[in-house]
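Breakdown of the fold
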Amino acid sequence: MSDENTKSDYRSAIIGLLVAAALLGAFIWRLPVNGWGSLLWFAVMAGMSIIRIPHEQKAKKLATNETRQGRVENLLLLGVTLGAALIPAIHLATGLFGFADYPVPAHWPFLGLLLAAPGLWLFYRSHADLGKNWSVSLEIRKDHGLITHGVYSRIRHPMYTAIFLLYTAQAVFIHNWIAGLSGLMTFGLMYLIRAPIEEAMMREQFGQAYDEYCSGTGRLWPKLSK
Ligand code: SAH
């Protein structure tokens, strides 16, 4: 990697850490209004970033044969960034959508951990099993292989299952109709549009092998009888 790239990676890392520290400070300040869910949400976002960043770094160095990243895909990715990161972060730090808050018992947000813990595990395992075939958008890498082992052996989209679990946890952590549900809404829309395009791309690339793989797997939920 060139010196310029390394410098810009360091710059992004420092900016990222400063933003995270400022947010954490604001969340602690506003803890009496937002409750413990805000800190649990922060911890989950930090966990997702720690899992994903090394894969993003590796992916930068890999060659791509084909990409389906068009304007719709870019808009959907922007929507998910807004719904799952910016809207909740801004709301928890400033109370912007406070008019849409609803009351919950103090310990209610801890129930979100029952979704977030398996969600983070599955997020980690799906990145590990997909390896160099992972990309944030829809891409076929040079030497792309069809992964059918590990968490891919019974579910075709385990990473999306993980994200659904984690954004449902967001809805439990943040007791606000807008900032709680925005992750689930934007990712749900992205999933509905993206999954069929992704499966068509995989079918074009792997043909009958992909059809056979589909017949033994579920989309988001394991197919128990093969
Ligand atoms: N939909 C998958 C992967 C998300 S990452 C999941 O939810 O786990 C998106 C990239 O993964 C796509 O560009 C596609 O090329 C690649 N991909 C998806 N399923 C794959 C598989 N079984 N084997 C190899 N690559 C796969």
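Conventions we followed
Residues numbered from 1 in each chain as written. Predicted model: local features only at pLDDT ≥ 70, side-chain atom pairs only at ≥ 80, totals over all residues. Heavy atoms only, no water. Helix = DSSP H or I, 4+ residues; strand = E, 2+ residues; numbered from the N terminus. Polar contact = N/O pair within 3.5 Å; in protein donor to acceptor, adjacent residues only side chain to side chain. Near = heavy atom within 4 Å. Nonpolar A, V, L, I, M, F, W, Y, C, P; charged D, E, K, R; others polar. Phe/Tyr/Trp six-rings, centres within 6.5 Å; stacked < 30°, edge-to-face > 60°. Buried < 20%, exposed > 50% of the residue type's maximum accessible area, 1.4 Å probe, protein only. Salt bridge = Lys/Arg side-chain N within 4 Å of Asp/Glu carboxyl O. Contact = heavy atoms within 4.5 Å.

With that out of the way, let us pick up the side chain of glutamine 170. Position of glutamine 170 among the secondary structure elements: in helix 6 (residues 158–173). Among the polar contacts listed, one links the side chain of glutamine 170 to the backbone oxygen of glycine 83, at a separation of 3.3 Å.

Below, the discussion takes up the site of the ligand. Residues in close proximity to the ligand total 19 residues, the closest being Glu139, Ile147, Tyr152, His157 and Glu198. Here serine 137 contributes a backbone N or O atom positioned 3.3 Å from an oxygen atom of the ligand. One of the backbone N or O atoms of glutamate 139 is found 2.8 Å from an oxygen atom in the ligand. If you list the elements that add at least two residues to the shell around the ligand, you get helix 6 and helix 7 (182–206). Grouping the constituent residues of the shell around the ligand by class yields 11 nonpolar, 6 polar and 2 charged.

A separate point is the packing of aromatic side chains. Counted according to the given criterion, the structure contains 10 aromatic pairs. Considering the side-chain rings of phenylalanine 97 and phenylalanine 99, the 6.3 Å spacing of their centres and the 75 degrees angle between planes classify their relative orientation as edge-to-face. With a relative accessible area of 18%, phenylalanine 97 lands in the buried category. Relative to phenylalanine 187, the ring of tyrosine 160 lies with its centre 5.9 Å away and its plane at 65 degrees, an arrangement referred to as edge-to-face. Linking tyrosine 160 in helix 6 with phenylalanine 187 in helix 7, this pair joins segments that are 27 residues apart in sequence. Each member of the pair, tyrosine 160 as well as phenylalanine 187, is classed as buried.

This paragraph deals with unusual backbone geometry. For residues other than glycine, phi is negative in most cases, and the peptide bonds are mostly trans. A positive phi angle is found at aspartate 143, which is not glycine, with a value near 60 degrees. Turning to its location among the elements, aspartate 143 is positioned in the loop between strand 2 (139–141) and helix 6. When its relative accessible area of 59% is taken as the criterion, aspartate 143 is described as exposed.

Here the structure, examined in full by the defined rule, presents 7 salt bridges. Aspartate 9 is the salt-bridge partner of lysine 60, the closest N and O atoms lying 2.9 Å from each other. In this pair, lysine 60 is assigned in the loop between helix 3 (37–59) and strand 1 (64–67) and aspartate 9 in helix 1 (residues 3–29), connecting sequence segments 51 residues apart. One salt bridge connects glutamate 139 with arginine 141, and the closest N-O pair in it is separated by 3.4 Å. Like glutamate 139, the residue arginine 141 is buried in the burial classification. One network of salt bridges, with partners in common, ties together Arg156, Glu199 and Arg219.

Now for the environment of phenylalanine 27. Mapping phenylalanine 27 onto the fold places it in helix 1. For the pair formed by phenylalanine 27 and threonine 94, sequence separation is 67 residues and the distance between their alpha carbons is 9.0 Å. The residues contacting phenylalanine 27, other than those within four sequence positions of it, are Ser38, Leu39, Trp41, Phe42, Ala89, Leu92 and Ala93.

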